[in-house]
Every structure is written in structure tokens, then in C-alpha cells.
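Coordinate analysis (summary)
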Amino acid sequence: KAVTDFVRATLALSPDNRFLPDLRDFLKEALVPGLLNALSQTVLKVASPGVPDFYQGTELWDFNMVDPDNRRPVDYGVRRRLLAELDKPQDDASRCADLTVRLRDGGAKLYIIKRALDLRRREEKLFLEGDYVGLTAEGPRKNNVVAFSRSLAGKSVIAAGARFFLDLSLNDQNRVSEDAWGDTALVLKDAKPGDRYRDVFSGLVHAPVIQDSKTVLPLSHLFRAFPAVLLEKVS
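None of these values were measured; they are calculated from a predicted model.

1. Side note on the sheet that holds strand β9 (residues 214-218)
Across the sheet, four strands lie side by side as β2-β5-β9-β8; this open sheet has antiparallel pairing. Edge positions in the sheet fall to β2 (137-138) and β8 (209-211), since each has one partner strand and no second. Summarising the sheet, β8 and β9 pair through three bridges and their orientation is antiparallel. Following the sheet pairing, Val209 is matched in β9 by Val216.

Here is the structure:
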């Protein structure tokens with residue numbers, strides 16, 4: 001009872017409650033960076049070794065403070081509607097931009113899950129048996145990205161997600177400016193001249209470049225359309 005009374009008092013709609021306005025101000029600052037961070041986490045989760053586990057109903061945002069209860073009712077109508085929208089013809093890069101602007105409806109997370117699972121289904125052996133190698137970045141924002149590669153029998157996939165978005169400048173479309181990354185780049189030790197990587201979310205094709213005698217993917221280009229990428233080697 002004491003705990004319940006404390007929480008109710010903390011969130012009470014009262015002019016005497018000085019905590020609630022502070023909480024609302026904090027949420028205004030932290031919500032979008034938190035959602036962008038969650039998109040990166042989703043990409044890393046679905047591409048990591050093992051089988052990605054999604055709780056029923058968490059295809060969109062879920063704000064439970066503990067593991068969700070799978071017995072809770074799920075609004076499948078909303079999910080069907082969003083999936084139908086994602087199936088409509090549209091340039092993938094434009095779709096990513098639109099989903100980032102309307103970040104709060106969860107469509108961006110659903111899109112990541114759909115495209116990533118499509119790739120896992122198509123390259124099942126790669127994800128079940130492929131090697132896992134952590135990748136590093138170099139440059140002023142090297143700590144603002146987490147990345148790794150999965151490879152098997154000449155096939156390769158790179159998963160990369162931006163993080164610590166409060167350290168990065170976001171525009172009114174919830175995107176990180178290209179200038180914010182500076183010359184930070186993801187280092188590819190095994191890449192060869194002529195290699196090409198296609199992002200399964202935006203459809204953009206990225207070509208490694210030479211920077212300080214190393215083969216790299218500049219983050220300013222990598223995260224141009226979305227805060228996370230899943231790159232499939234196409235050549």
C-alpha cells in the first residue's frame with residue numbers, strides 16, 4: 001500500500017506536484033532518442049547469433065517495465081493495417097524517411113522486423129551457422145555505433161545501429177544530421193575493392209572507401225536514411 005500510494009502521489013495531477021512537470025520535460029527530451037535507440041536494438045537483436053525472440057504484441061512499441069505478459073490482448077487490427085501500408089509500392093529510402101518522421105506509431109519497428117525476418121528466411125543457413133565478428137569504428141563518434149558481421153561461404157551481412165542519440169543532433173524529422181558524424185567510419189577488415197552492400201531497409205547501396213589506408217563505410221552515408229542498417233553483400 002505504501003508503494004502504491006507513493007506512485008499515485010508522484011504522478012498525481014495536482015498543482016502541488018512539482019515532480020510531474022519535471023518528468024514531462026525529461027520525456028520531451030528523451031522520448032525520440034529512446035525510440036531511435038530501440039530501433040537499433042531491434043536490428044542488432046534480429047541479426048545476432050541464435051533465434052530472435054519477440055513477445056506477442058511487441059511488434060510495435062511496448063512500454064512495460066517488466067517482461068510483457070503474453071496473455072494480454074493484442075490489437076492485431078492495428079498491426080494488419082500497418083503491414084498493409086508497408087506492402088504498398090514506395091521507394092524504400094522514402095519509406096524509411098516517412099517512418100522516422102512518424103516514429104511514435106511503431107511502424108518503423110514493425111518495418112525493421114518484417115524486412116530483417118525476410119532476410120533471415122532467405123538466408124537461413126547464414127544466420128544459423130554463420131560466423132559472428134564484432135566491428136569497430138574510428139573517428140570522433142566511434143562510440144555512437146554498435147556493429148557486427150555475419151558470414152558464411154562467401155555470403156556476408158553487416159548489422160549496425162547508432163546509439164547515444166542525445167549526443168547527436170537530431171532535426172525536426174527525427175534524423176541525425178550527416179555533419180554530426182564527422183569522418184567517423186566503420187572499419188571493414190575483410191572488404192575488397194568493388195564490394196557493394198545493399199541495405200535491406202532503405203535499398204541504398206554502399207561502397208566501402210579507403211580512409212587512412214583502411215577500408216571503411218562512412219557513418220554519415222550509412223545512417224543517411226535510417227538510424228540502423230542491415231547490409232547484405234551484393235558484389
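2. Quick word on helix α2 (residues 19-47)
For α2, built from 29 residues, the straight-helix expectation of 42 Å at 1.5 Å per residue is met to within 8% by its first-to-last C-alpha distance of 40 Å. Of all the bends in α2, the greatest, near 40°, is centred on Ala30, and the proline Pro33 appears no more than four residues after it.

3. Points about the sheet that holds strand β7 (residues 205-206)
Strand order in the open sheet formed by six strands is β1-β3-β4-β10-β6-β7, with antiparallel pairing between adjacent strands. A strand with exactly one partner marks an edge of an open sheet, and here the two such strands are β1 (131-135) and β7. As judged from the three bridges shared by strand β6 (residues 197-199) and strand β10 (residues 228-233), these two strands associate in the antiparallel manner. Of the residues in β10, the one forming a bridge with Asp199 is Leu231.

About the criteria used
Residues numbered from 1 in each chain as written. Predicted model: local features only at pLDDT ≥ 70, side-chain atom pairs only at ≥ 80, totals over all residues. Heavy atoms only, no water. Pairing = 2+ DSSP bridges. Helix = DSSP H or I, 4+ residues; strand = E, 2+ residues; numbered from the N terminus. Expected span 1.5 Å × (residues − 1). Bend = angle between axes of the 7 residues up to and from the residue.

By themselves, these figures tell us nothing about what the structure is for.
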